[in-house]
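Close look at the chain arrangement
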Amino acid sequence: MRVITLEAEDDFGGWRDTVRGLVIDHVPPDQVGWQVGDEPGELFAGQVQLAPLATGVFSVPRPFIDLARKAILHDDRERFALLHTLLVRLRDQPKLMEDQADPLVRKLEGFAKAVRRDIHKMRAFVRFREVHDDGATRYVAWFEPEFHIVRANAAFFVNRFATMRWSILTPQLAIHWDGKRLTEGPGATKADAPEGDSIEAMWKTYYASIFNPARVKVGAMLKEMPRKYWKNMPETTLVPALIAGAQARESEMVATAKAKTISGGNIQAAWEALREEAMGCTRCHLHRHATQTVFGEGPVDADLMFVGEQPGDQEDLAGRPFVGPAGQVFDRAMADAGVDRARVYITNAVKHFKYELRGKRRIHSKPDAGEITACRWWIDQELALVKPKMTVALGATAAHSLFGKAMTIGRERGRALELPDGGMAWITVHPSFLLRLPDEAARREEYAKFVADLKAAAAAAS
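Criteria and thresholds
- Residues numbered from 1 in each chain as written.
- Predicted model: local features only at pLDDT ≥ 70, side-chain atom pairs only at ≥ 80, totals over all residues.
- Heavy atoms only, no water.
- Disulfide = S-S within 2.5 Å.
- Pairing = 2+ DSSP bridges.
- Helix = DSSP H or I, 4+ residues; strand = E, 2+ residues; numbered from the N terminus.
- Expected span 1.5 Å × (residues − 1).
- Buried < 20%, exposed > 50% of the residue type's maximum accessible area, 1.4 Å probe, protein only.
- Arc of directions from axis to C-beta.
- Contact = heavy atoms within 4.5 Å.
- Polar contact = N/O pair within 3.5 Å; in protein donor to acceptor, adjacent residues only side chain to side chain.
- Salt bridge = Lys/Arg side-chain N within 4 Å of Asp/Glu carboxyl O.
- Axes fitted to C-alpha atoms, helices over the stretch in contact; angles between N-to-C directions.
- Parallel < 35°, antiparallel > 145°, perpendicular 65-115°, else oblique.
- Left-handed = near helix turned anticlockwise from the far one by under 90°.
- Nonpolar A, V, L, I, M, F, W, Y, C, P; charged D, E, K, R; others polar.

A few words now on the state of the cysteines. All told, the structure shown has zero disulfides when counted by the stated rule. This cysteine, Cys 281, is not joined by any disulfide, and Cys 375 carries the nearest cysteine sulfur, 5.8 Å off.

Rendered as structure tokens:
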């Protein structure tokens, strides 16, 4: 029997290179034992690795590579052998990956699904705390992953917090970013991480100010935020008291909303904390295929807020709302209406790009009611922070999000409407509607109506 030793639990490269040789050599999976690093090898005592493996290449379906990259990160000790077995079967059954009823495919897909969920939980629930060393500021977080995902997730945190010096400590290993270079260190304990800082106090103040007990569904909250992560999240210490004192807090929130102040007026810091939280959103399935969360932008004390449908292809890549073709129409109409984009807050009802893949093109697909409802949480928080005098719904999806039900643009357009939370709203078409009109005359007519809507909404907000 061949005994293969991989360098680490997440050593996909080592497994791939080795298993390629095993398959070319026609070594059956039951004649291979896998181990990691210096782990005990009693099972294979007295056995040695045979001659070097053959080299060469052979093609495998892309879905298998994608599956293997994730399944390798699981903690099941048989994962290496199971993937080897699936790879051998694929050489004779090239369509095997399409058979979701096959027990081996289903088992490994289950591994990959669990790993993907753990990756997203890490992105959503890591909480950095500020520390000072050698006169410089560093941000340190503690996280306990279920699987071997830390290295696989490192690039996300490097890209997201490129200008910060930070460390993420886990029981298996620690990763450190100094602004230029990513390094690794040994595993740590919870005691190695700081307990709290001024940012945590600000975040708790923000969370308490926007918490709405009437909308809390404990089952849904536990599904999205399991209790195992609560000890690392400062806001969760507030939840029992917030629920227990619901009526008193709601009255206080109304007063806070009228004052338009959070933590001594530090609304911008609260918004930044909200945006950071949204970057790891997994409230619906759309996050799995989108490039990133596209959050709102603009001054947080804006009197006028615009809500669109969802990011498009260019917005998904840029990470900003309304920068594609519809955004160009929107900018021109805003200028013609005398509205300064830099002085309004712009966001979308749905924060991830929903699309259908046609060849290499990503074609926009309209969000459904479930996706709109899942993302409504973020819109509610943006409204709670910005508190605009007028919110403009650009299209039916935005109107559905704001009013909690389907709205007919033709019937409701052209007048101020009261939102369920008491704010005021204006409904008009989405600028992409103007791009889809069949002839130039129709486009000119509808564009003029759109500009008139923007003027009227801005006047109502002044």
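Picking up where we left off.
Turning next to the sheet that holds strand 12 (residues 390-394). The sheet built from five strands is open, its strands ordered 9-8-12-14-13 with mixed pairing. Of all strands in the sheet, those bounded by a partner on one side alone are strand 9 (345-348) and strand 13 (417-418).

Spanning 22 residues, helix 17 (residues 440-461) covers 32 Å between terminal C-alpha atoms, matching the ideal 32 Å at 1.5 Å per step. Those residues of helix 17 lying buried are Glu 446, Tyr 447, Phe 450, Val 451, Asp 453, Leu 454, Ala 457 and Ala 461. Seen end-on, helix 17 carries its buried residues on one side only, within an arc spanning 155°. Structurally, helix 17 contributes buried residues whose contacts are with strand 8 (304-308), helix 12 (325-336), strand 12, strand 14 (424-428) and helix 16 (431-435). The N-capping residue of helix 17, defined by a side-chain oxygen 3.1 Å from the backbone nitrogen of Ala 441, is Asp 439.

Within this structure, the stated rule accounts for 27 salt bridges. Put simply, Asp 17 and Arg 16 hold a salt bridge, and the shortest N to O gap is 3.3 Å. Looking at Arg 16, the relative accessible area reads 30%, which means it is partly exposed. The residue Glu 184 makes a salt bridge to Arg 151 at a minimum N-O spacing of 2.8 Å. Here Arg 151 lies in helix 5 (residues 150-160) and Glu 184 lies in strand 7 (residues 182-186), a separation of 33 residues in the sequence. Glu 184 gets classed as partly exposed once you look at its relative accessible area, which sits at 47%. Where salt bridges share partners, they join Arg 413, Glu 445, Glu 446, Lys 449 and Asp 453 into one cluster.

As a further point, take the pairing of strand 7. By the bridge criterion, five bridges tie strand 6 (residues 173-177) to strand 7 in an arrangement that is antiparallel. When the sheet's bridge partners are listed, Ala 174 is paired in strand 7 with Gly 185. Between the end of strand 6 and the start of strand 7, which pair antiparallel, lie four residues, with Gly 179 showing a positive phi angle near 100°.

Below, the discussion takes up the environment of Glu 144. Relative to the helices and strands, Glu 144 resides in the loop between strand 4 (136-142) and helix 5. Remark: the alpha-carbon pair of Glu 144 and Lys 190, spanning 46 residues in sequence, is separated by 9.1 Å. For Glu 144, the side chain forms a polar contact with the side chain of Trp 142, separated by 3.1 Å.

Here we take up the packing of helix 4 (residues 103-125) against helix 5. Between helix 4 and helix 5, whose axes approach to 10 Å, the crossing angle comes to 45°. Viewed along their axes, helix 4 and helix 5 adopt a mutual orientation that is oblique. Judged by the sense of rotation from one axis to the other, the crossing of helix 4 with helix 5 is right-handed. Contacts between helix 4 and helix 5 pair Ile 119, Met 122 and Arg 123 from the former with Val 150, Asn 153, Phe 156 and Phe 157 from the latter. Across the contact of helix 4 with helix 5, the residue classes tally to five nonpolar, one polar and one charged.

What follows is about the packing of helix 12 against helix 17. Two elements in contact, helix 12 and helix 17, have axes separated by 9 Å at closest approach and are oriented at 60°. If you check the angle between helix 12 and helix 17, you find them oblique. By crossing handedness, the relation of helix 12 to helix 17 is classed as right-handed. Listed contacts from helix 17 to Val 329, Phe 330, Arg 332, Ala 333, Met 334 and Asp 336 of helix 12 are Tyr 447, Phe 450, Val 451, Leu 454 and Lys 455. Of the residues that constitute the contact of helix 12 with helix 17, the class distribution is eight nonpolar, no polar and three charged.

Let us look at the sheet that holds strand 3 (residues 129-133). A sheet is described by the order of its strands in space; here five strands give the open sequence 3-4-5-6-7, paired in mixed fashion. Two strands lie at the open edges of the sheet, namely strand 3 and strand 7, each paired on one side alone. Strand-to-strand twist in this sheet, taken as the mean axis angle between neighbours without regard to direction, amounts to 25°. Sheet topology note: the strand 4/strand 5 (residues 166-169) ladder contains four bridges and is parallel. Among the inter-strand pairings, Val 140 is bridged to a residue of strand 5, identified as Ser 167. Here helix 5 sits on the sheet in contact with strand 5, strand 6 and strand 7, set at roughly 20° to strand 6.

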